[in-house]
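Descriptive analysis of the structure
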Amino acid sequence: MSTVALEDLTHVYDSGAESVKALDDVSLTIDSGEFVSVVGPSGCGKSTLLYVVGGFIDPTHGRILVDGTSITGPGTDRGVIFQEYALYPWKSVMENVKFGLKHVGTDSTEEVEATAQKYISRVGLDGHEDKYPKELSGGMKQRVAIARTLAYDPKILLMDEPFGALDDQTREILQRDLLDICNETQKTILFITHDIEEAAFLSDRIVVMSTQPGTSKEQFEVNIDQS
Ligand code: ADP
Ligand code: ADP
């Protein structure tokens, strides 16, 4: 398990003529095993926060500490799940999930196969191993993406509106499955959504980002008692 501490994160997009301050001095600690949702209106900087914590973009200012150590760039300590699944269309379900294991250098091909199969089963896709993404529903594609990420066992999961493209019924089923998986695996989670009900259902704590960074000196937090 891992604690994530964000210290004074600022990010400015500088694209020539205009610069946009997408994050303004954001500080937040997510305890080991805690599920934190970040909510807020479109454009307030939620995705930017996730890209920065994921190591895909460097913050203009500030630090990210994982268990007290400052990190830069992506790493297998953090697994990322996006709304658009980001599966390889030319790879089967099995090949997509196995690809996740490439990053961690698992030894034998049997071991890779067994681990991939374990997570395919865990997300309920037994029997679909040889299918390609275009043969799957949106919910199934997201299950593959979840399996691919879980397969290399990151301590931290970063999710950006993972259920945003799904119909209500599929979303509810996946939310419940995700909660079960998270309870089993004790991941530390940063979950981005604009859906406050989803955040309340899933999270231990909700952090609200405001639209105009700089004007807000407060970070509103809501603690949820899930018991
Ligand atoms: P300092 O003055 O030392 O730069 P502040 O006292 O202004 O810091 O604190 C900024 C606080 O506002 C931090 O807790 C930070 O996480 C929070 N914050 C920054 N940007 C936002 C935002 N867009 N929405 C909500 N809270 C924010
Ligand atoms: P959210 O995920 O909450 O909708 P984003 O993090 O996507 O917010 O965007 C925050 C702000 O940064 C917005 O004003 C957005 O237009 C701007 N922004 C996002 N990506 C870029 C980019 N690559 N270049 C310039 N501005 C950007």
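None of these values were measured; they are calculated from a predicted model.

Section: the packing of aromatic side chains
Note on aromatic pairs: each is described by the distance of the centres and the angle between the planes. For the structure on display, the rule yields five aromatic pairs. Summarising the aromatic geometry, the rings of Tyr88 and Phe99 are spaced 4.8 Å apart at their centres and angled 65° between planes, so their arrangement reads as edge-to-face. You can see Tyr88 sitting in the loop between β6 (78-82) and α2 (93-102) and its partner Phe99 sitting in helix α2, a full 11 residues away along the chain. Overall, the relative accessible area of 25% leaves Tyr88 in the partly exposed class. Site record: aromatic cluster; members linked through ring pairs are Phe35, Phe163 and Phe191. Over the aromatic face of Tyr88 sits the side chain of Lys91, whose NZ or CZ is 5.8 Å from the ring centroid.

Quick notes on helix α3 (residues 109-122)
Taking 1.5 Å of rise per residue, the 14 residues of α3 would be expected to cover 20 Å, and the 20 Å separating its terminal C-alpha atoms lies within 8% of that figure. Next to the buried residues of α3 lie α2 and α4 (138-151). One or two steps after α3, the chain reaches Gly124, where phi turns positive at roughly 80°.

Side note on the confidence of the model for the protein
It should be kept in mind that the predicted coordinates are not to be read in detail where pLDDT is low. Averaged over all residues, the pLDDT of the protein is 90; the fraction at 70 or higher stands at 92%. Taken as a whole, residues 214-218 scores under 50 in pLDDT and shows two contacts with residues more than four places along the chain or in a different chain. For this predicted complex, the interface confidence comes out at an ipTM of 0.69, alongside a pTM of 0.85.

As for the sheet that holds strand β1 (residues 4-15)
Strands sit in the order β2-β1-β4-β5 across an open sheet of four strands; the sheet is antiparallel. Sheet topology places β2 (18-30) and β5 (69-70) at the edges, where each strand pairs with a single neighbour. Pairing of β1 with β2 involves nine bridges; the strand directions are antiparallel. In the sheet register, Asp14 faces β2, and the bridge partner there is Ser19. Sheet contacts for helix α1 (residues 46-54): β1, β2 and β4 (61-66); angle to β1, the most-contacted strand, approximately 115°.

Definitions and limits used
Residues numbered from 1 in each chain as written. Chains lettered and ligands numbered in written order. Predicted model: local features only at pLDDT ≥ 70, side-chain atom pairs only at ≥ 80, totals over all residues. Heavy atoms only, no water. Phe/Tyr/Trp six-rings, centres within 6.5 Å; stacked < 30°, edge-to-face > 60°. Helix = DSSP H or I, 4+ residues; strand = E, 2+ residues; numbered from the N terminus. Buried < 20%, exposed > 50% of the residue type's maximum accessible area, 1.4 Å probe, protein only. Lys NZ or Arg CZ within 6 Å of the ring centre and 35° of its normal. Expected span 1.5 Å × (residues − 1). Contact = heavy atoms within 4.5 Å. pLDDT = per-residue confidence, 0-100. Pairing = 2+ DSSP bridges. Axes fitted to C-alpha atoms, helices over the stretch in contact; angles between N-to-C directions.

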